[in-house]
Structures are given as structure tokens and as C-alpha cells.
Amino acid sequence: MYSTTGYTRGQIDRLVLLIRDLENAGYSLAYPPSLGLRKSIIITLTYLRRNHTQDDLADRYATSQPTISRTIAAMTPVLADATADWIPVADDLDPEVVLIIDGTLLPCWSWADVPDLYSGKHHTTGVNVQVAATLSGRLLWVSDPLPGSTHDLTALRASGLLDGDRDATIIADKGYIGAGLITPIKKPPKGELTDDRKQFNKELNAIRATIERTIAHLKTWRILHTDYRRPYHTFAQTITAVLGLQFLKLAS
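Residues numbered from 1 in each chain as written. Predicted model: local features only at pLDDT ≥ 70, side-chain atom pairs only at ≥ 80, totals over all residues. Heavy atoms only, no water.

**Things to note about the overall build of the chain**
Looking only at helices and strands, the chain has eight helices and six strands in total. Reading the helices (α) and strands (β) of the chain from amino to carboxyl end gives α-α-α-α-α-β-β-β-β-β-α-β-α-α. Projecting the C-alpha coordinates of the chain onto the three principal axes gives extents of approximately 70 × 40 × 30 Å. Considering the chain as a whole, with its 252 residues, one finds that 48% of them fall into the buried category. (Helix = DSSP H or I, 4+ residues; strand = E, 2+ residues; numbered from the N terminus. Buried < 20%, exposed > 50% of the residue type's maximum accessible area, 1.4 Å probe, protein only.)

Dropping the structure here:
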């Protein structure tokens, strides 16, 4: 169960209760009656965790591809809404905690009506999100997605993390130079770094490696790692659902 869904049976039980609470509060659920709520949750979790094709999921769960499609379309927004309270925003972050920041591309198909999805840095299409973690690698925050062509520093500024009177210590790579963060020191034009500065960069890069592991762990939800195939307008909500599921799991 865990290897295919990312959730234990007990954690799935909790999701069922959260969604039933939404339903009791007047939320309209539209999962296929032939599957029931719990199986609809499991199928959607499997899709998000493994990014299997709908045909593969239909074979696995002994149903039809159209039923799988309806299940994913119905349950992804439900999961996003049921877990929304666990997703931190920039204002929730403790300014006393040292952050490591990096951007990553969540890949998707190329859409003719969304030309700015192409990332020159990654040589593919997708959306840019900014990720913050502690020095130990605990995931703390993920920004809203922006088109893949967005530069990391532009995306971070747009996220609101640098707004207001926040005086947090933030460590980042050279792509964020100029934002007042702790970044590696660039080599001067036609010059070399001193040994002290080389050592500083070496130590800082060792610290920054933590955020790469955090991002890799987040992308064990394969829907964030391999091309997103559903219509582009559903991608942001799918990302929200995955983040809600991940932060709920971290809180349990």
C-alpha cells in the first residue's frame, strides 16, 4: 500500500475522515459510486505517487479508463481542499529559522497556448516552484508555481518570501545573488578567489546540498518528477494536492 500510494493504511483512514468531514459540512463529492470513497482515494494517491497512465491504473484496479479519468478529476481537488490547512504560506515561516532555498522545475507537456513554460535552464517545459527547507533538510514551504521560463530570483521575489520586515537568514545558490541572501562568492572578472573565499564557497555548497535532497524527496511523488499529462489548467491544483498530502504526512 505505502509503496504505491505514499500513505499507510492508517494515514488513508485519516484522509477518509477528513473528506467525510468536508462532506458533512456541505462539500459535494462526485467520485464514481462503483468504486466508493476509499478506493477512489487510493486510486488518486497511486496516480499522484507513481504517475501511472490511466490505462495502467484501470488494469490494476479492474475498472475502465474513463472511470479512472473521472476518479482522478473528481478526487484531486477534494484532496487539495481536505489538506489545505496543512500547507504553510510564507508568513507561517519562523524568521528565526535558517532557510535553504532553491528552485526546481516540475515538468509537464508543452502546450501551444502557454508558450512561456519552456525553461532554458532545464531544456524542457514545466513550472518553476521555490522550495525552502531547514538546515537538516526538513521541508518547510513551497511557492505557488510560475511558468518554467521564470528565473529563480524572479520567482522567489514573486512568492512573497522576501516581503515585509522578515529578517530571516536564507542560504541560496549564485542564481539569487543580489537579493541579500547568503550565496557563494562569484569569481571577480579576470581574477581568482582567495583561498578563504574558496573555502567559504565549499562549505556553503556542502550546506546547500541538503535542499537538493529535500527536493528529490518531494519528487518521490512522481507526478512532480515526470511529465504531467493532464490539461495544463489542472496542474496547479494537482501540485496543491500533492503538497497538502506531503505536509499532512509530515505533521502526523
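**Brief notes about empty space enclosed by the protein**
It is a probe the size of a water molecule, rolled over the atoms, that shows where empty space is left. Using the criterion set out here, one finds one cavity of 30 Å³ or more in the structure. One number sums up the size of the largest cavity: a volume of about 40 Å³. Along its surface, the largest cavity is lined by Thr104, Leu106, Val129, Val131, Val142, Leu218, Leu224, Ile239 and Leu243. Of the residues assigned to the lining of the largest cavity, the class counts are eight nonpolar, one polar and no charged. (1 Å grid on protein atoms, 1.4 Å probe; cavity = no way out; pocket = protein on both sides within 12 Å on 5 of 7 lines; lining within 4 Å. Points joined across faces, edges and corners; volume = space filled by probe spheres on them. Nonpolar A, V, L, I, M, F, W, Y, C, P; charged D, E, K, R; others polar.)

**Observations concerning the pattern of salt bridges**
Between side chains of opposite charge, a pair can form when the charged atoms approach closely. Enumeration according to the criterion identifies five salt bridges in this entry. Salt-bridge contacts for arginine 208 lead to aspartate 173; the nearest nitrogen and oxygen are separated by 3.8 Å. Of the two residues, arginine 208 is situated in helix H7 (residues 195–218) and aspartate 173 in the loop between strand E6 (170–171) and H7; the sequence distance between them amounts to 35 residues. Overall, the relative accessible area of 11% leaves arginine 208 in the buried class. Judged by relative accessible area, which is 14%, aspartate 173 ranks as buried. With a shortest N-O distance of 3.7 Å, glutamate 192 and lysine 187 are connected by a salt bridge. A relative accessible area of 55% places glutamate 192 in the exposed class. (Salt bridge = Lys/Arg side-chain N within 4 Å of Asp/Glu carboxyl O.)

Shape is all these values report; function is a separate question.
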